[in-house]
Amino acid sequence: ISCSLVGSEMCKETAVIHYEEPSKFPGIDIDLSLVIGADQTYSTLSDAWQNVTPLLKNVALIDSYNGVVKSITLRFTFSSNEKTLAKNEVQSYVDTIIENLAKIGVVLDNLLKIFVPLAFFVVLRYAVYSVYSTVLLYANKTPGPAYNEM
């Protein structure tokens, strides 16, 4: 209802109430963490999922972060009145939404979560080999072939 006062006379004449019976089957929630541009808002992103599928019942903002990058987490709720949906049944719709978001410069935040642990592992590996070579240097030995392959 787009009235400022729900009980007003204007609302009684112009309000259109749409009712849809809730599904008897449980829905499925898909959370996407996204890195967005500083000038992008929820309303600029919403075109990416509008009219993708009638199974998409709700999109909710779960979290937002404004730091070095601006990121948000959105929860997409899919539901059917005919059956319980499995993740593989909605994955193509989620992929379409991700592709639509990519067209406007929005990327998944999950990519950062993959590269940070990988970078930590690489740094840790070189630190261990550095200590290993220092110990061997003081013991007047040369590092083994695994060290030289780095």
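Conventions and cut-offs
- Residues numbered from 1 in each chain as written.
- Predicted model: local features only at pLDDT ≥ 70, side-chain atom pairs only at ≥ 80, totals over all residues.
- Heavy atoms only, no water.
- Helix = DSSP H or I, 4+ residues; strand = E, 2+ residues; numbered from the N terminus.
- Buried < 20%, exposed > 50% of the residue type's maximum accessible area, 1.4 Å probe, protein only.
- Contact = heavy atoms within 4.5 Å.
- Areas by Shrake-Rupley, 256 points an atom, 1.4 Å probe, with all protein chains shown as cover.
- Core = buried A, V, L, I, M, F, W, Y, C linked by side-chain atoms within 4.5 Å.
- Salt bridge = Lys/Arg side-chain N within 4 Å of Asp/Glu carboxyl O.
- pLDDT = per-residue confidence, 0-100.

Below, the discussion takes up the overall build of the protein chain. For the protein chain, the count of helices and strands is five helices and four strands. Sorting the 150 residues of the protein chain into buried and exposed places 23% on the buried side. Put simply, of all contacts in the protein chain between residues at least 6 apart along the chain, 63% involve residues at least 24 apart. As displayed, the protein chain offers around 11,000 Å² of accessible surface, 59% of which is attributable to carbon and sulfur atoms.

Attention shifts here to the environment of Asn81. Mapping Asn81 onto the fold places it in the loop between β3 (70-78) and α3 (87-103). For Asn81 and Pro26, which are 55 residues apart along the polypeptide, the C-alpha to C-alpha distance reads 9.2 Å. Ignoring any residue separated from it by four or fewer positions in sequence, one finds Asn81 in contact with Glu20, Glu21, Pro22, Ser23 and Phe25.

What follows concerns the nonpolar core. Leu34, Trp49, Phe76, Phe78 and Ile97 are the most contacted members of the largest nonpolar core, which has 21 residues in total. At five residues, strand β1 (residues 28-36) tops the list of elements feeding residues into this core. What Phe78 contacts, discounting residues up to four positions off in sequence, is Gly27, Ile28, Ile30, Thr53, Leu55, Leu56, Lys57, Leu85, Val90, Tyr93, Val94 and Ile97.

For the structure shown, the criterion picks out two salt bridges. Residue Arg75 is joined to Asp31 by a salt bridge in which the shortest nitrogen-to-oxygen separation is 2.7 Å. Within this pair, whereas Arg75 is found in strand β3, its partner Asp31 is found in strand β1, the two being separated by 44 residues in sequence. Note on Asp31: relative accessible area 38%, which makes it partly exposed.

Averaged over every residue, the pLDDT of the protein chain is 77; residues scoring 70 or more account for 63%. Of all secondary-structure elements in the protein chain, the lowest mean pLDDT belongs to helix α5 (residues 145-148), at 54, while α3 reaches the highest, 94. Within the model, pLDDT remains below 50 along residues 1-8, and this stretch shows nine contacts once partners closer than five positions in the same chain are excluded.

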